[in-house]
Amino acid sequence: METVIEIKHLEKAFNDIPVLTDINLELKRGENIAILGKSGTGKSVLTKCIVRLVQADDGEVLVLGNDVLRMDDEQLNEIRKKVGYLFQGGALYDSMTVRENLEFQIRRTQLEKNKTELRQLVEESLENVGLLDAINKMPGELSGGMKKRIGLARTLILKPKVILYDEPTTGLDPVTSGEISELILAVQEKYNTSSIIITHDIKCAKMTANQVKIMKDGKFYAEGTFSELCESDDQEVKAYFS
Amino acid sequence: METLKENILGSLERFFTEVGSILLFTGNVIRQFFTAPFEHKELLKQGYYIGNKTLPLIAITGFIMGLVLTLQSRPVMVDFGAESLLPGMIAISIVREIGPVITALLCAGKISSGIGAELGAMKVTEQLDAMEVSGAKPLNYVVATRVMATTILVPILVFFADAVGLFGSFAALNMREDISFRLFLSLAFDSLGFADVIPATIKTIFFGFFIGLIGSYKGYTADRGTESVGLSANSAVVTASLVIFIIDLVAVQLSELIYGF
Amino acid sequence: MSKFKSRPLKLGMLVSVGLLLFVMAVYYLGSKQNLFSSTFTVTSHFYDVKGLVEGNKVRYSGISVGTVSSVDIISDSTISVEMLINQKVWEFVRKDSKVEIGREGLMGSKMVIIHPGTPEAGTVEDNEMLESIKAIDVQEIIQEARGIIDDSRMLSKSLLEMSEKINNGDGDLGRLINENTITTKLGQAGDELLAFAKNANEISGKVNRGEGDLGRLVNDSAITYELTFTLNHLKQMTAHADSVTMEMLLFSKELNEGEGLLNRLVYDREMAQHVDTTIVKVGQGVDEVVQTAGKIRESWILNLFSGRDKKDKQAD
């Protein structure tokens, strides 16, 4: 199977305090990796390093075979088009309607598309997340779950190869969390994407992940399939599954 | 004693780092002015928004400013028997100093804090990151348009404030004595020269630029966390006001060097 | 890591300190405008500097050439003022230049004025002392003006007294204006003039009525008739003279325009000379006519004034 993302010996520190130390990771096509960990262990920093929202200090991040840390802005934009990123709160632009939010995402990358095509794309994306009705609403009028779904729709509009989910179920009720987890699976099935899912929601990880990694103090503490880790004797690991 | 010394050195270091960061940010923003794509739609939107938001405030303040200034200076001028010089004196003080500075301070309070809070919120909710990931540079789309809008609009607002201020001055004079609007205007404009208007206008362009820039900088560099939105709005106002006075100080000296007064 | 942190720090320090230095430099420039140009020093002593302070301007013939660098009290009646003056105007400041304290406008601050001296005295040297002159002070002007006002008040007072005396009839002028006898006399003189005019009137009346020689001359219609007759004769004579000239004109025209023999004759030089002499003679003839007429006029005037026997002479 083709390797989509490969991370080798990644290092990152803020103000001389290390956040990530010697991170290694390999994501294959069609595979989902869930990263579990407490707050402040550097999970978000890791995903941000992948799209270079945070500049890593050392190591290598290969996305589709290209080294993200050492490329110019144009190449980076090409890579970013292929890597979708779903932010914690959805990160919808407050001053734009849902439609404008989705259009904004493609206006830069697919300027050659005409208006009807653009509309079709937007509507198709919204239909994928089941929120076509909300097309003319402002983000302020939407609930947290809707925002996340529209955030996902905005990510999907570029048909990415990889999607990075930053805590997709945090702050949602269990039912909505389940819906989001199902949506992640549906998207993977439909577009054959690979994902890295950062979460501390065990249910979500169980539903979506082929592989689970547990992060502690900027390092992967344990890794394996969900059931493997479930049966682990380690107290730290057990704490997540109890 | 040692801690005091460390404190002073630490705050000095923080101050200089802040100044340097603002300058680097300024450089980046100016580079964005000349980098494609040019977001004229967003620029118009921001310009309209800024003008619309501040115009009534500036009109009222400008009027009161002219009125009060005239009422306050009139007794002294009457003592000297120089009432006829009053419109000229007021015109010069409004056009050269009070109009630009008051307008700029109001804009710092209104626009700079607004931009600071807006960008701070965008930063906290990762909207700026989302924009970055989508291939749109937030520095270009969000910051450069806002800075450009304030740079263009603040001088226009200052002209407006000057005009309303002069009208306020006329109203004040008319309360105390009988003076026709034409006479007032001719007295006021006789005393004004290009040496009054041009340095003041150039000054206001810089005011506008830094009002937008400081607000953007403070929002752009906000920490993650809800309270930092308020903090960035607050420090945007303080820093922008301070920068306005520093620019004013430098501008008065430069115009003195160039025009000789 | 430290590289990233120190770049804004260094830049910030550089710009902040640079800006601060600039601001300070410009302020310093403003107070001591001669900072960058070379200067020389002159001093002068005054009794009263009237509020002159360090930094005030020094003017030479109205041009700002320097600043006051210090004002010191030397003794209870002497104050030393030291001035920094631009090198460029050194040659124009002479040893006998005079220094005065003046004002910029009526309300402005004080300044030092250097009056140019004479070239013969030579250029002043560095640190040399210049003579001061007492300045004109607004206070002094007011004092002087007060004196003038007092004087004019005195003047108007004496004028008032004078006019009062005239009113009261004191002195010749007073009498002239106030006494009635003079007007009475003037009245009599007027009466006499009136009588004189009356007489004149009577005389002209007599002339009108044709009384006496003068009267007849003016009024007798017979004389007028005779005069008219003479004039008619004269008219006829001038008519004759006119026709002669006319004929001459026609003749010359024919000469010019005619054909054949006559024409040739005209363009012949000898013939032309003949014609010339003829014309001269004709001219003489006209002259004689004019003279005759003149004589007639004279004789007529003579007749007019001799009065009688006009019928014998008028035939001329």
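None of the values given here were measured: they were computed from a predicted structure. (Residues numbered from 1 in each chain as written. Chains lettered and ligands numbered in written order. Predicted model: local features only at pLDDT ≥ 70, side-chain atom pairs only at ≥ 80, totals over all residues. Heavy atoms only, no water.)

Student: How should the overall build of chain C be read in this particular structure?
Tutor: Scanning chain C from terminus to terminus reveals nine helices and seven strands. The proportion of buried residues among the 316 residues of chain C is 20%. Within chain C, contacts between residues at least 6 apart in sequence are counted, and of these 58% link residues at least 24 apart. Put simply, chain C shows about 23,700 Å² of open surface, and 60% of that area lies on carbon and sulfur atoms. (Helix = DSSP H or I, 4+ residues; strand = E, 2+ residues; numbered from the N terminus. Buried < 20%, exposed > 50% of the residue type's maximum accessible area, 1.4 Å probe, protein only. Contact = heavy atoms within 4.5 Å. Areas by Shrake-Rupley, 256 points an atom, 1.4 Å probe, with all protein chains shown as cover.)

Student: How should a nonpolar patch on the surface be read in this particular structure?
Tutor: Residues and elements named next belong to chain B. Together, Phe194, Ile198, Ile202, Ile205, Phe206, Leu254, Leu257, Ile258 and Tyr259 make up an exposed nonpolar region whose accessible area comes to about 890 Å². The greatest single-element share of the nonpolar patch, amounting to five residues, is contributed by helix H7 (residues 194-220). With respect to the helices, strands and loops of the structure, Ile205 is situated in helix H7. (Patch = residues over 30% accessible without salt bridge, like charges linked within 9 Å, V, L, I, M, F, W, Y side chains within 5 Å. Salt bridge = Lys/Arg side-chain N within 4 Å of Asp/Glu carboxyl O.)

Student: How should the interface of chain B and chain C be read in this particular structure?
Tutor: In this complex, chain B contributes 16 residues to the contact, which on the side of chain C involves 16 residues. Carbon and sulfur atoms make up 80% of the area that chain B and chain C hide from each other, which totals about 1,400 Å². The three residues of chain B that bury the most area against chain C are Phe16(B), Leu24(B) and Gln253(B), which together make up 38% of that side's buried surface. At the junction of chain B and chain C, the tally comes to zero salt bridges. (Buried area = accessible area lost by both parts, 1.4 Å probe.)

Student: When you look at the interface of chain A and chain B in this model, what are you seeing that I'm missing?
Tutor: Often the size quoted for an interface is simply the accessible area lost on bringing the parts together. Of the residues lining the interface, 22 residues belong to chain A; the matching set on chain B comes to 16 residues. Together chain A and chain B conceal approximately 1,700 Å² of surface at their shared face, both sides included; 53% is due to carbon and sulfur atoms. Note that Asp129(B) and Lys48(A) form a salt bridge whose closest N and O atoms lie 3.5 Å from each other. Linking chain A with chain B are seven residue pairs in polar contact (both at pLDDT 80 or more), by the criterion used here. Of all the elements in the fold, those that place two or more residues in the side of chain A that touches chain B are helix H2 (73-82), strand S6 (83-86) and helix H3 (98-107) of chain A. No other element matches the three residues that H3(A) contributes to the side of chain A that touches chain B. Residues belonging to the side of chain A that touches chain B are distributed by class as follows: ten nonpolar, five polar and seven charged. (Polar contact = N/O pair within 3.5 Å; in protein donor to acceptor, adjacent residues only side chain to side chain. Nonpolar A, V, L, I, M, F, W, Y, C, P; charged D, E, K, R; others polar.)

Student: What's the story with helix H1 (residues 43-50) of chain A in this structure? I'm lost.
Tutor: Residue and element names in this part refer to chain A. In terms of residue burial, H1 counts as a mostly covered element, since seven of its eight residues are buried. Listed as buried for H1 are Lys43, Val45, Leu46, Thr47, Lys48, Cys49 and Ile50. Two residues or fewer past H1, Arg52 is found with a positive phi of approximately 55 degrees.

Student: Teacher, can you tell me more about unusual backbone geometry here?
Tutor: Working note: non-glycine residues mostly have negative phi, and peptide bonds are mostly trans. With phi around 50 degrees, Lys159(A) is a residue other than glycine that occupies positive phi space. Inspection of the secondary structure puts Lys159(A) in the loop between helix H5 (144-156) and strand S7 (162-166). The phi torsion at Lys50(C) lies on the positive side, around 55 degrees, for a residue other than glycine. Within the secondary structure, Lys50(C) sits in the loop between strand S1 (39-46) and strand S2 (57-60).

Student: How do you make sense of the sheet that holds strand S4 (residues 78-86) of chain C when you look at a structure like this?
Tutor: Hydrogen bonds between backbone groups are what pair the strands of a sheet, and the pairing can be parallel or antiparallel. All names here are of chain C. A barrel is described by the order of its strands in space; here seven strands give the closed sequence S1-S4-S3-S2-S6-S5-S7, paired in mixed fashion. Each neighbouring strand pair of the sheet contributes to a mean axis angle of 40 degrees, computed without reference to strand direction. In this structure, strand S3 (residues 63-75) lies alongside S4, joined through eight bridges in antiparallel fashion. Paired with Asp72 across the bridge in S4 is Ser80. (Pairing = 2+ DSSP bridges. Axes fitted to C-alpha atoms, helices over the stretch in contact; angles between N-to-C directions.)

Student: What's the story with the packing of helix H1 (residues 2-33) of chain B against helix H5 (residues 138-176) of chain B in this structure? I'm lost.
Tutor: A pair of packed helices can be characterised by two numbers: the angle between their axes and the separation between those axes. All names here are of chain B. Two numbers describe how H1 lies on H5: the axes approach to 9 Å, and their chain directions differ by 95 degrees. For the element pair H1 / H5, the angle class is roughly perpendicular. Residues Phe25, Asn28, Val29, Gln32 and Phe33 of H1 form the contact with H5, whose own contacting residues are Leu139, Asn140, Val143, Ala144, Val147 and Met148. (Parallel < 35°, antiparallel > 145°, perpendicular 65-115°, else oblique.)

Student: Mind showing me how you'd approach empty space enclosed by the protein here?
Tutor: The method is simple in principle: a probe with the dimensions of a water molecule rolls over the atoms, and the space it marks as empty is what remains. Going through the model one piece at a time under the given rule, you end up with four cavities of 30 Å³ or more. Roughly 100 Å³ of volume is contained in the second largest cavity. Taken together, 14 residues form the lining of the second largest cavity, with Gly84(A), Tyr85(A), Gln105(A), Thr155(A) and Val133(B) sitting closest to its centre. At the level of elements, H2, S6 and H5 of chain A together with helix H4 (127-133) of chain B are the ones that each hand at least two residues to the lining of the second largest cavity. Tallying contributions element by element places S6(A) first for the lining of the second largest cavity, with three residues. (1 Å grid on protein atoms, 1.4 Å probe; cavity = no way out; pocket = protein on both sides within 12 Å on 5 of 7 lines; lining within 4 Å. Points joined across faces, edges and corners; volume = space filled by probe spheres on them.)

Student: What is the right way to look at the layout of surface pockets in this model?
Tutor: Estimated volume of the second largest pocket: approximately 1,000 Å³. What lines the second largest pocket is a set of 35 residues, among which Val243(B), Ile246(B), Ile247(B), Val250(B) and Leu19(C) lie closest to the centre. Those elements that place two or more of their residues in the lining of the second largest pocket are H1, H7 and helix H8 (227-259) of chain B together with helix H1 (2-31) of chain C. Element by element, the count of residues in the lining of the second largest pocket is highest for H8(B), at 14 residues. Counted by class, the lining of the second largest pocket contains 27 nonpolar, five polar and three charged residues.

Student: Looking at this structure, how should I read the environment of Asn128(A)?
Tutor: All names here are of chain A. Along the chain, Asn128 falls in helix H4 (residues 115-128). Residue class for Asn128 comes out partly exposed when judged on its relative accessible area of 21%. C-alpha of Asn128 to C-alpha of Ile150: the two residues are 22 residues apart in sequence and 9.7 Å apart in space. In this structure Asn128 touches Leu183, Lys190 and Tyr191, once residues within four positions along its chain are discounted. A polar contact of 2.7 Å, which involves the side chain of Asn128, links it to the side chain of Tyr191.

From the geometry alone we can't say anything about function, so treat these as descriptive.
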